[in-house]
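# Working through the structure, step by step
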Amino acid sequence: REKMSAPTMEERKACWGARDEFWQCLDRHAEDGSKCAELRRGFEGRCPQQWVKYFDKRRDFLKYKKKLETEGYNPPEAAGKS
């Protein structure tokens, strides 16, 4: 089994740069990933797979948090009704 080595500073910077470019593309195209497929491939190619999963979850969380801050919490209508 191959031991995973920690990315170098240059590899981390390349990963973060690719992530930022991909996220900016998603922001410009209202989350339409099809318009950002090439940047997504670059992001996946420059970052360890675990980092890609983490950053995907992080983006979802940040969007959710922003929505809560701008719209407030609105519980689903069906919650608690039986």
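Residues numbered from 1 in each chain as written. Predicted model: local features only at pLDDT ≥ 70, side-chain atom pairs only at ≥ 80, totals over all residues. Heavy atoms only, no water.

An unreviewed UniProt entry lists the protein chain under the name COA6 factor, with Pampusana beccarii given as the organism. Looking at the protein chain in UniProt, the text filed under Subcellular location (unreviewed entry) is "Mitochondrion". (UniProt positions renumbered as here; feature names shortened; annotations may be inferred.)

A few words on the state of the cysteines. A complete count under the given rule lists two disulfides for this structure. The partner cysteine of C15 in its disulfide is C47, sulfur to sulfur 2.0 Å. Classification of the bridge connecting C15 and C47 rests on its S-S torsion, roughly 110°, and on that basis the disulfide is right-handed. Placement of C15 in helix α1 (residues 9–28) and of C47 in the loop between α2 (37–46) and α3 (49–71) is noted, with a sequence separation of 32 residues between them. Covalent S-S linkage joins C25 and C36, the inter-sulfur distance amounting to 2.0 Å. Torsion about the S-S bond of the C25 and C36 cystine: about -90°, corresponding to left-handed handedness. Residue C25 is located in helix α1, and its partner C36 is located in the loop between α1 and α2; the two are separated by eleven residues in the primary sequence. Here the bonded cysteines of the protein chain are numbered in sequence order, and their pairing is 1-4, 2-3. (Disulfide = S-S within 2.5 Å. Helix = DSSP H or I, 4+ residues; strand = E, 2+ residues; numbered from the N terminus.)

Let's shift gears to the side chain of R59. Looking at the secondary structure, you find R59 in helix α3. You can call R59 buried: its relative accessible area is 10%. Ignoring any residue separated from it by four or fewer positions in sequence, one finds R59 in contact with W23, L26, D27 and E31. (Buried < 20%, exposed > 50% of the residue type's maximum accessible area, 1.4 Å probe, protein only. Contact = heavy atoms within 4.5 Å.)

All right, on to the packing of α1 against α2 then. Their axes nearest at 8 Å, the elements α1 and α2 cross at an angle of 155°. Of the possible angle classes, the one that applies to α1 and α2 is roughly antiparallel. Relative to α2, α1 is oriented so that their crossing is left-handed. Residues E11, A14, C15, A18, R19, E21, F22 and C25 of α1 lie in contact with α2, whose contacting residues are L39, R40, G42, F43 and R46. Taken together, the residues that form the contact of α1 with α2 break down as seven nonpolar, one polar and five charged. (Axes fitted to C-alpha atoms, helices over the stretch in contact; angles between N-to-C directions. Parallel < 35°, antiparallel > 145°, perpendicular 65-115°, else oblique. Left-handed = near helix turned anticlockwise from the far one by under 90°. Nonpolar A, V, L, I, M, F, W, Y, C, P; charged D, E, K, R; others polar.)

Taken together, F61, L62, Y64, L68 and Y73 make up a surface patch of nonpolar side chains, about 510 Å² in accessible area. Of note, L62 is situated in helix α3. The exposure class assigned to L62 is partly exposed, which follows from its relative accessible area of 33%. (Patch = residues over 30% accessible without salt bridge, like charges linked within 9 Å, V, L, I, M, F, W, Y side chains within 5 Å. Areas by Shrake-Rupley, 256 points an atom, 1.4 Å probe, with all protein chains shown as cover. Salt bridge = Lys/Arg side-chain N within 4 Å of Asp/Glu carboxyl O.)

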